[in-house]
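Secondary and tertiary structure notes
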Amino acid sequence: MIKIVSFKICPFVQRVTAMLEAKGLPYDIEYISLKDKPDWFLELSPNGQVPLLVTEGGVALFESDAIVEYIDEISAPLQPDLTPEARALNRAWSYQGSKHYLVQCSTMQSADHATYLERHAKLAKAFAKAETQLADGPFFNGATLGNVDMAWLPLLHRAAIVQAHSSHDMLAGFPKVQAWQQALMATGLPTKTVSPDFEEAFARFYLAERTWLGRGASADEQACAPAAKAASGCCG
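Notes on the structure in this doc start here. (Residues numbered from 1 in each chain as written. Predicted model: local features only at pLDDT ≥ 70, side-chain atom pairs only at ≥ 80, totals over all residues. Heavy atoms only, no water.)

Brief notes about the sheet that holds strand 2 (residues 27–31)
- Taken together, 4 strands build an open sheet; the order of strands is 2-1-3-4 and the sheet is mixed. The sheet is open, and its two borders are formed by strand 2 and strand 4 (60–62), each paired with just one other strand. If you compare each strand with its neighbour and ignore which way they point, the axes differ by 25° on average.
- Pairing analysis gives 3 bridges linking strand 1 (residues 2–6) to strand 3 (residues 52–54), with the strands arranged antiparallel. By the bridge assignment for strand 3, Val5 is matched with Leu52.
- The strands touched by helix 1 (residues 11–23) are strand 1 and strand 2; relative to strand 1, the strand with the most contacts, the crossing angle is about 155°.
- Along the sheet, helix 3 (residues 64–73) makes contact with strand 3 and strand 4, crossing strand 4 at roughly 125°. (Pairing = 2+ DSSP bridges. Helix = DSSP H or I, 4+ residues; strand = E, 2+ residues; numbered from the N terminus. Axes fitted to C-alpha atoms, helices over the stretch in contact; angles between N-to-C directions. Contact = heavy atoms within 4.5 Å.)

Okay, structure coming up:
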């Protein structure tokens, strides 16, 4: 059976497990601490990073893009009969999602509102591009789940948790992306692709007292709202 080596709140890992779950492929998963990486992991992983996928033949694969391509090659495609152009576009849009994982991580760790706004501006550009691409939905390419949905799922899942804990919507102003988020959440995949205590671990790290989101972003926004009507820019 395929084995995944993971760190619990790593979005790159979630993209891989989302692909496995969407395709119905069985796998085992083992969580490690990135602060105390075991020797056996360092021997298997050339870059010392998660995710790591160990094939049934015992070959260790690294780098999430390569792992996702491997999963695609050993299983039926989520969207059959795509043209080469469509597959290439899907890979490009998948990259647009995955290259913003660390941007979102940095944004969520912002210690104050000003830093959050500065970092979120970069993330918002990605959501704006997706907003122009999304059509009738409910998923990125229409009625069928595809690889692009799996690549953006970690971003949208984390935004949903942030909103549930702080009432702050990272997707505000992007109604099509919000609808896409809701459709993906309704599939049940987000919770299937993480550990049972993922939300607790995620909140402990990103929504702690040290972060603007963790201290109650919505309270700051509400306090700022009356003045914003008289002087635009109070809330950024």
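Regarding the environment of Lys8
- Its place among the elements puts Lys8 in the loop between strand 1 and helix 1.
- The exposure class of Lys8 is partly exposed, given its relative accessible area of 30%.
- Sequence separation of Lys8 and Ile32 is 24 residues, and the distance between their C-alpha atoms is 8.0 Å.
- Among residues more than four places away in sequence, those in contact with Lys8 are Tyr31, Ser195, Asp197 and Phe198.
- A distance of 2.8 Å separates polar atoms of two side chains, one belonging to Lys8 and the other to Asp197. (Buried < 20%, exposed > 50% of the residue type's maximum accessible area, 1.4 Å probe, protein only. Polar contact = N/O pair within 3.5 Å; in protein donor to acceptor, adjacent residues only side chain to side chain.)

Focus on the state of the cysteines
- By the definition in use, this model includes 0 disulfides.
- We note that Cys10 lacks a disulfide partner, and the nearest cysteine sulfur, in Cys105, lies 7.9 Å from it.
- What makes Cys10 buried here is its relative accessible area of 11%.
- Among the residues examined, Cys105 registers a relative accessible area of 8% and is labelled buried. (Disulfide = S-S within 2.5 Å.)

Things to note about empty space enclosed by the protein
- Here the structure, examined in full by the defined rule, presents 1 cavity of 30 Å³ or more.
- Considering only enclosed or pocket space, the largest cavity measures out at about 60 Å³ in volume.
- Every residue lining the largest cavity is counted, 14 residues in all, and those nearest its centre are Ser6, Lys8, Val13, Thr193 and Val194.
- Element by element, the count of residues in the lining of the largest cavity is highest for helix 1, at 3 residues.
- The residue makeup of the lining of the largest cavity, split by class, is 7 nonpolar, 5 polar and 2 charged. (1 Å grid on protein atoms, 1.4 Å probe; cavity = no way out; pocket = protein on both sides within 12 Å on 5 of 7 lines; lining within 4 Å. Points joined across faces, edges and corners; volume = space filled by probe spheres on them. Nonpolar A, V, L, I, M, F, W, Y, C, P; charged D, E, K, R; others polar.)

Considerations on the layout of surface pockets
- In this structure, the largest pocket occupies an estimated 770 Å³ of space.
- Lining of the largest pocket is provided by 31 residues; of these, Phe7, Ile9, Cys10, Leu34 and Val50 occupy positions nearest its centre.
- Listing elements by their share of the lining of the largest pocket, those giving two or more residues are helix 1, helix 3, helix 4 (84–98), helix 5 (101–108) and helix 10 (198–206).
- Looking at the lining of the largest pocket, the element that brings in the most residues is helix 10, giving 4 residues.
- Here the residues of the lining of the largest pocket sort into 16 nonpolar, 7 polar and 8 charged.
- Considered as a void within the structure, the second largest pocket measures approximately 440 Å³ in volume.
- For the second largest pocket, the lining is made up of 18 residues, of which Asp72, Arg87, Asn90, Arg91 and Asn147 are closest to its centre.

Thoughts on the environment of Ile2
- In this structure, Ile2 sits in strand 1.
- A C-alpha to C-alpha distance of 37 Å links Ile2 and Arg119, two positions 117 residues apart in sequence.
- If sequence neighbours within four positions are ignored, Ile2 has contacts with Leu20, Pro26, Tyr27, Asp28, Leu53, Val54, Glu56 and Ile74.

Observations concerning the pattern of salt bridges
- In the structure shown here, the tally under the stated rule is 5 salt bridges.
- With its nearest N and O atoms 2.8 Å apart, the salt bridge here joins Glu30 to Lys3. Of this pair, Glu30 sits in strand 2 while Lys3 sits in strand 1, and the two are 27 residues apart along the sequence.
- Its relative accessible area of 27% is what places Lys3 among the partly exposed residues. (Salt bridge = Lys/Arg side-chain N within 4 Å of Asp/Glu carboxyl O.)

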